[in-house]
Amino acid sequence: MEIPSHYAPRQVERRWYQTWLKNKAFASIPDHRPAYAIVIPPPNVTGVLHMGHMLNNTIQDVLVRRARMLGFNACWVPGTDHASIATEAKVVQKLRAEGIKKSDLSREAFLEHAWEWTHKHGGIILEQLKELGASCDWDRTAFTMDEVRSQSVYHVFADLHAKGHIYRGLRMVHWDPEAKTSLSDEEVLHKDITATLYYVKYEVVERPGTFLTVATSRPETIMGDVAVAVNPKDARYEALHGLHVRVPVGGREVPIILDEYVTADFGTGCLKVTPAHDWNDYAIGQKHGLEVLDVLNEDGTLSAHGLQYAGMERFAARKKVAEDLLASGHLAKTEEYASTVGTSERTGAVVEPRLSLQWWVRMPELAKPALDAVMSGEIQLIPDKFKNTYRHWMENVRDWCISRQLWWGHRIPAYFYGPGELDYVVALSAEEALIKARAASGHNDLTAADLQQDPDCLDTWFSSWLWPLSVFDGIRHPENQEIQYYYPTQDLVTAPEILFFWVARMAMAGYEYTGKRPFERVYLTGIVRDKLGRKMSKSLGNSPDPLALMDAYGADGVRMGMLLTSPAGNDLPFDESLCEQGRNFTNKVWNALRLVKGWKVSDDAPEDEAAAWAVDWFRHLLDAELAELHRDFDRYALSEALMRLYKLTWNGFCSWYLELVKPAYGQPISPAIYDATVEFMDTLMAALHPFMPFLTEEVWHLLSPRGETEFLDFAAYPVGHGLAYRSTEFTLLEEHVVALRTFRAEKNIAFKLPITVDASTKPAAWPAIAKLTNALWGDAQGGLPLRAGTLELRVLIESDAVDVEAERAKAHKDIEYYTRFKRSIEAKLSNEKFVAGAPAAVVEAEHKKLADADAKIEIAQKLLAALAN
RNA sequence: GGGCGAAUAGCUCAGCUGGUUCAGAGCAUCUGCUUUACACGCAGAGGGUCCGGGGUUCGAAUCCCUGUUCGCCCA
C-alpha cells in the first residue's frame, strides 16, 4: 500500500463526518448507561462561525467525545437562538436595501420576512460546526423560537407573573435609539471616551447680570432642565439659595435646589438637573418633586420639548446648541475630560437613559439559590476565580428589564382590556385571555376584539435562560423521560462575558423550576485575541476565517492549535503558527503510520534486544502517562492533557520508541514487536481521539482491519493501570545516548562509524543504547573519559579527532561548577538547624547531591589526566 | 471610584498545602544533518536578579507586608 508522505486532512475529514452522520454515531437516547449531557451555548441564528465559536465548540467536543468513550451516554444538544435585536436589525436593513420600510409593514408581514431570513441563514453556523467535527446529536437541534421552546417561554412568563416575580413598572431604562428598544443592564457596554465639558452660564432671575455657571457634557438636554442643583455646604453659592435661574435656551425659569449629591469639586459645583435624561438627575427629581421634560424621541432625535432643535439628531443638536450658546454669550468655555459612555451591546449605538413602562423580573429572590449553589460548590466554576465575580454580581443584582420594543421574538403574553396600566391579564392563548379578562374586569360581554396583546416582545435571554430545561421539554413536561434522564446536565462551556447574561440566569431558572442545578460544572473559556492583544472581531477585521484555516491546516490541526494554549479562563492569543503546529503533529502521526505499515512482519526476524527493551519500557511509560492524563482531565486542564499526549506521541513514541524497534533497512520485524507497536498506536489514537477525531479515526482504521461502522468514538477511553514507570532506567539510557550523540557531533564522527565504549558497569538498557548510537561494548582502554550523567564511560576513537584545548576547558568548567555546587550543599548540611528541622528525605537528598557532585568532579579530573598524556 | 485576578526564558504557559541535583514544557532562536516514516523532518545547543523592595523561616518562585505595571468585572 502506497501512503502519501503528507497527510491530506480535508477529504479524510469530510468522508468520516459523513460516515458518522450516516450511522448516527452521535445520537443519544435514554438508556441504562449514566447520562452525560452538554447543551450548546446557542449561537445567534444570524451568525457565522468565528474563532470564539471554534474554541468553545472544540472544548465541548473534546469533553463529549471523551465522555462517550468513558461509557457515558453522551448527548450534546445543538441549537441556535433568535437574537432578537441583531436579527431584527439585519432584517430591517435588508428590507431597507429593497426599498421597504419596517413602518410600512404589518407585524405579520414583517415576521414573515424575518422567518424567511432565518430559514435562509439560520442553519449556516451549524453546518460550519460539522466541518469542525462537532459530535452533536443533530436530531435534537433546537431553536429558541421553535414550538417547544416558545411554549416554554410563555409558560414561564405566566408562571412567574402569577408568582409575583414579574411586574410592570415605569422606570429608568437603557434605551437603544438605533434599535428603538429598551435594553437590560447587561446589554450595555461602558466605554472610555474623551468627552467635552461645556461651561454654560445661567442668569439668576432675581439678580439680573449675575450668572451661575454649570458644567455639562450634554448641552442638547438643556431644554429638559427643571432645576440647577448645588451642594448645600458649598459656600460659594450660599447667597443664591432659594433663588431661580433662567435656562439659556427657551428662557424658562427653574429653581436653584440644594442636594448633597452634587460634588463641589467637579466642574463648577453646579449641576443642571434633567430628570428625563440622567439616572442621577431622575433620582434628584423624584426627591424634590420635579417634573420630567423628555426632549428626545425614541429614535434619538429631539422632540417638541427640544424647541427650535426639534427633529434634529441628538449629536447634531449637541453641536448646534453649543454653537448657539456661544453666539448668545452663554458658553463660558469648554474643556476635554475622560468619561465613559454606555453603548448597546448589539447595535453599538450610544444608549440613552429613558423613562418608560417596561416588564421586569424581580431578581433577589430568584438569585438566592443560584448564588448559594456556586458559593457552596454545588455548581463548580472552572476556573474558580470567577466565583468572586459571580458573587459580587449576584449580591448586587438589579431587576431584569425583559421587554423589548421589537417584533422578532416571543411576544409578551399579556392582554389589555382597558386603558389602565394594570388592566391586563396574562394568558397562554387569546381564548384563555378572554376568559381571564372577563373575570378580571367583571365585564362578561368582552370580546376578543376588545383585547389588545402587548406589542412588545421578550429579551432573547428570557428564552436562553431556560435552555437546559427547554431542550428536553422540561418546562412543559417536567416528568418526561428525557428531562429526568439528562437533567441536570454535566458541563457547560461558555465565555465569561455571558456569566451574568446567561449562566447565572440558567441557574436561577433551574432552581426555580426543578429545585436542581442545571449543570454540575461551568467551564469558562478565554477570549480569542490577535497578536496585538485585541479581541478578534469582524469590525476590526483581525479574525481569520475559520473555514479557511481548516482548509489550510485541517480541522484537527486547527482544533489542536486552539487548545494548545488555552487554559480555562485565560485569553487565547491566537496565532496561525499554532495551527501549523497542529498540522505538523497530524503529519507526524501520519508518518508514524507510514513507517509501521511499511514493515514486513516475519517469524524469521532476527531477535532484537533493543526492541524488546523498548516495548517493555514504553508499555510502562504509556500506562503512567494515561494515569496522569486522567488527572489532567479531572482538573479540566485540557491544554495540559493535550500537551501531554503531544509529547508522549512525538517524543516518547516516535523519537524514542519507534527508533528503538525499527528494524534495520530491509529487515523484517517480529510479530510480537509489531503487534505491540500497533497496540500502542491504537491506544495513542484512542487517547487523542477527543482532540483530533478525524486523523485518529483514519489512522485507527488503517492500522488494523475494522468494521465499517466500528468507530473510535465507541471504543473505550484508555486508562492507566498503575504500572510503575521505570524512569531511572530510561534516564540512564537517555543520558548515555545524549552523551554519545553529543560526543559524535562535537567530534564530527559519522553515525556509520561504530564507536567502542566501556565503563565499570554496563547499563541494563545497553542494547537499546547501542542501537541508537551505533556503539559497541568492548575494551576501550586508552579511550577518552566521557560523563553520562554521573557515570563515567570510556570511548575509543582516533585521537586526532579530539580538540584537546576544548576538552580541557570543558573539564575545568565542570570542576569549577560542581565544586561551587558542593560547597553550597556542604554549608547546608553543616547547618544544625537544617539537619534538625528538615525531613529526613530532604537531608538524604542533599547527601545524594553531594555524592553525585563528587562523582562528576572525579570524572572531569580523570579526563584532564587522560588529556595530559 | 469599588471589587477581583495576574506578573516565571523572545512568546504562550506549568510549577499542588514552602524542601528530590543552584527553575520546567511547547513554540521560537542558534548549530549540524540529501540517516530510504516524516525538512510539516532528525540530532544537539544556548536562553531566566521567578516584577521591585522589605519580612517570616534552617530553607521562599511558592507564605506575609509594601510599591509598580497589566487585565477583567461593576459603578
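Everything numeric in this text was worked out from a predicted model, so none of it was measured. (Residues numbered from 1 in each chain as written. Chains lettered and ligands numbered in written order. Predicted model: local features only at pLDDT ≥ 70, side-chain atom pairs only at ≥ 80, totals over all residues. Heavy atoms only, no water.)

Novice: Before we go on, may I ask you to explain the overall build of chain A in this structure?
Specialist: When helices and strands are tallied, chain A shows 26 helices and 29 strands. By principal-axis analysis of the C-alpha atoms, chain A measures approximately 115 × 65 × 55 Å. Taking all 869 residues of chain A together, 53% fall into the buried category. Pairs at least 24 apart in sequence give 76% of the contacts found in chain A among residues at least 6 apart. Taken as a whole, chain A presents about 38400 Å² of accessible surface, with 52% of it coming from carbon and sulfur. (Helix = DSSP H or I, 4+ residues; strand = E, 2+ residues; numbered from the N terminus. Buried < 20%, exposed > 50% of the residue type's maximum accessible area, 1.4 Å probe, protein only. Contact = heavy atoms within 4.5 Å. Areas by Shrake-Rupley, 256 points an atom, 1.4 Å probe, with all protein chains shown as cover.)

Novice: Would you mind showing me how to read the protein's contact with RNA strand B here?
Specialist: Not every one of the 47 residues close to RNA strand B is listed here, only the nearest: Gln581, Asn591, Tyr665, Tyr817 and Asp852. Backbone atoms, meaning sugar and phosphate, make up 61% of the atoms of RNA strand B lying within 4 Å of the protein. Of all the elements in the fold, those that place two or more residues in the surface near RNA strand B are helix H10 (386–395), helix H17 (576–597), helix H19 (638–661), helix H22 (727–747), helix H24 (804–829), helix H25 (832–837) and helix H26 (840–868). Residues of the surface near RNA strand B, tallied by class, amount to 17 nonpolar, 15 polar and 15 charged. (Near = heavy atom within 4 Å. Nonpolar A, V, L, I, M, F, W, Y, C, P; charged D, E, K, R; others polar.)

Novice: How do you make sense of the side chain of aspartate 259 when you look at a structure like this?
Specialist: Here aspartate 259 lies in the loop between strand E11 (253–258) and strand E12 (270–273). Under the relative-accessibility criterion, aspartate 259 is labelled buried at 3%. A distance of 2.8 Å separates the side chain of aspartate 259 from the backbone nitrogen of tyrosine 261, its partner in a polar contact. In contact with aspartate 259, other than residues within four places in its own chain, are Val230, Asn231, Pro232, Ile284, Lys287 and His288. (Polar contact = N/O pair within 3.5 Å; in protein donor to acceptor, adjacent residues only side chain to side chain.)

Novice: Even after reading the chapter, I still don't get the sheet that holds strand E20 (residues 452–453), so can you show me in this structure?
Specialist: The strands making up a sheet are joined through hydrogen bonds of the backbone, oriented either antiparallel or parallel. If you trace the three strands from one edge of the open sheet to the other, you get E19-E18-E20, paired in antiparallel fashion. Here the strands that pair on one side only, and so sit at the sheet edges, are strand E19 (424–426) and E20. Pairing analysis gives three bridges linking strand E18 (residues 414–416) to E19, with the strands arranged antiparallel. By the bridge assignment, tyrosine 415 is partnered in E19 with valine 425. (Pairing = 2+ DSSP bridges.)

Novice: Help me understand the pairing of strand E7 (residues 188–204) in this model?
Specialist: Regular strands have side chains that alternate between both faces of the sheet. Bridging between E7 and strand E13 (residues 331–344) involves 13 bridges; their strand directions are antiparallel. Note that in E13 the partner of leucine 189 across the bridge is threonine 343. Note that E7 and strand E8 (residues 211–216) share six bridges and pair antiparallel. Paired with glutamate 203 across the strands is phenylalanine 211, a residue of E8. As paired strands, E7 and strand E10 (residues 244–246) are joined by two bridges and run antiparallel to one another. Note on E10: the bridge partner recorded for glutamate 203 is arginine 246.

Novice: Help me understand the pairing of strand E23 (residues 519–524), please; the structure alone is not making it clear to me.
Specialist: Burial within E23 is extensive, with five of its six residues counted as buried. When strand E15 (residues 380–382) meets E23, the two strands line up parallel, connected through three bridges. Bridging across to E23, isoleucine 382 finds its partner in tyrosine 523. Relative to E23, strand E22 (residues 489–494) is paired through five bridges, and the arrangement is parallel. Bridge assignment links threonine 489 to a residue of E23, and that residue is phenylalanine 519. For the segment spanning E22, helix H15 (residues 499–514) and E23, crossover handedness is right-handed. (Right-handed = clockwise from strand over helix to strand, strands pointing away.)

Novice: Got a minute to help me understand the packing of aromatic side chains in this structure?
Specialist: The geometry of an aromatic ring pair is captured by two quantities: the separation of the ring centres and the angle between the planes. Inspection of every chain in the model, using the stated rule, returns 40 aromatic pairs. Members of the aromatic cluster, joined through ring pairs, are Trp613, Trp617, Phe618, Phe653, Trp656, Tyr657, Phe680 and Phe730. Above the face of the tyrosine 199 ring, lysine 333 is positioned so that its terminal group lies 4.4 Å from the ring centre. Lying over the aromatic face of tryptophan 400, arginine 505 brings its terminal NZ or CZ to 3.9 Å of the ring centre. (Phe/Tyr/Trp six-rings, centres within 6.5 Å; stacked < 30°, edge-to-face > 60°. Lys NZ or Arg CZ within 6 Å of the ring centre and 35° of its normal.)

Novice: Would you take a moment to explain the environment of glycine 789 for this structure?
Specialist: Along the chain, glycine 789 turns up in the loop between strand E28 (784–788) and strand E29 (791–796). Remark: the alpha-carbon pair of glycine 789 and aspartate 852, spanning 63 residues in sequence, is separated by 9.0 Å. In this structure glycine 789 touches Glu735 and Lys856, once residues within four positions along its chain are discounted.

Novice: Mind showing me how you'd approach helix H6 (residues 147–162) here?
Specialist: Working note: α-helix, 3.6 residues per turn, so residues spaced by three or four point in the same direction. End to end, H6 covers 22 Å across 16 residues, agreeing with the expected 22 Å (1.5 Å per residue, within 8%). Positive backbone phi, at 85°, marks glycine 164, one or two positions downstream of H6. (Expected span 1.5 Å × (residues − 1).)

Novice: I keep staring at the environment of threonine 343 and nothing clicks. Help me out?
Specialist: With respect to the helices and strands, threonine 343 occurs in strand E13. Residues threonine 343 and aspartate 176 lie 167 residues apart in sequence; the distance between their C-alpha atoms is 8.0 Å.

Novice: What's the story with the packing of H19 against helix H23 (residues 766–773) in this structure? I'm lost.
Specialist: Packed helix pairs are specified by the crossing angle of their axes together with the interaxial distance, meaning the distance between the axes. Axis separation between H19 and H23 bottoms out at 10 Å; the angle between their running directions is 95°. Between H19 and H23, the interaxial angle falls into the category roughly perpendicular. Of the residues in H23, those touching H19 at Trp656, Glu659, Leu660 and Val661 are Ala768, Lys771 and Leu772. (Axes fitted to C-alpha atoms, helices over the stretch in contact; angles between N-to-C directions. Parallel < 35°, antiparallel > 145°, perpendicular 65-115°, else oblique.)

Novice: What is the right way to read the nonpolar core from this model?
Specialist: Across soluble globular proteins, nonpolar side chains show a tendency to be buried alongside one another. One finds Tyr390, Phe462, Trp465, Met508, Phe618 and Tyr657 to be the most contacted residues of the largest nonpolar core, which totals 200 residues. If you tally residues by element for this core, the top one is H19, at 13 residues. If we skip the residues at most four places from it in the chain, phenylalanine 462 touches Val153, Val156, Phe157, Leu160, Ile166, Val361, Trp400 and Ile402. Residues Val214, Tyr237, Val254 and Leu325 belong to the second largest nonpolar core, which totals 28 residues. (Core = buried A, V, L, I, M, F, W, Y, C linked by side-chain atoms within 4.5 Å.)

Novice: I'm lost on unusual backbone geometry in this one. Help?
Specialist: Most of the time, phi is negative for any residue but glycine, and the peptide bond is trans. The omega angle of the peptide bond from isoleucine 382 to proline 383 is 0°, so this bond is cis rather than trans. On the secondary structure map, proline 383 appears in the loop between E15 and H10. In this structure, the amide linkage connecting tyrosine 487 to the following residue, proline 488, adopts the cis form with an omega of -5°. Mapping proline 488 onto the fold places it in the loop between helix H14 (481–486) and E22.

Novice: What is the right way to look at the packing of H19 against helix H20 (residues 671–688) in this model?
Specialist: Remark: H19 packs on H20, axes separated minimally by 11 Å, with the N-to-C direction vectors making an angle of 170°. Considering their axes alone, H19 and H20 lie roughly antiparallel with respect to each other. Note on packing geometry: the crossing formed by H19 with H20 is left-handed. Every residue of H20 that contacts H19 at Leu642, Leu645, Leu648, Thr649, Phe653, Tyr657, Leu658 and Val661 is listed here: Ile673, Ala676, Thr677, Phe680, Met681, Leu684, Ala687 and Leu688. (Left-handed = near helix turned anticlockwise from the far one by under 90°.)

Novice: I would appreciate a short explanation of helix H8 (residues 314–327) in the present structure.
Specialist: The terminal C-alpha atoms of H8, which comprises 14 residues, lie 20 Å apart, in line with the 20 Å expected from a rise of 1.5 Å per residue. Turning to H8, its buried residues number three or more, namely Arg314, Ala317, Val321, Ala322 and Leu325. Along H8, the residues classed as buried sweep out an arc of 135° about the axis, all on the same side. Turned more than 90 degrees from where H8 packs its buried face, Lys319, Leu326 and Ala327 sit exposed. Among the structural elements, E7, E13 and strand E14 (352–361) are those in contact with the buried residues of H8. Between the side-chain oxygen of the N-cap and the backbone nitrogen of phenylalanine 315 there are 2.9 Å, and the N-cap of H8 in question is glutamate 313. Of the residues flanking the end of H8, it is glycine 329, one or two places downstream, whose phi is positive at about 80°. (Arc of directions from axis to C-beta.)

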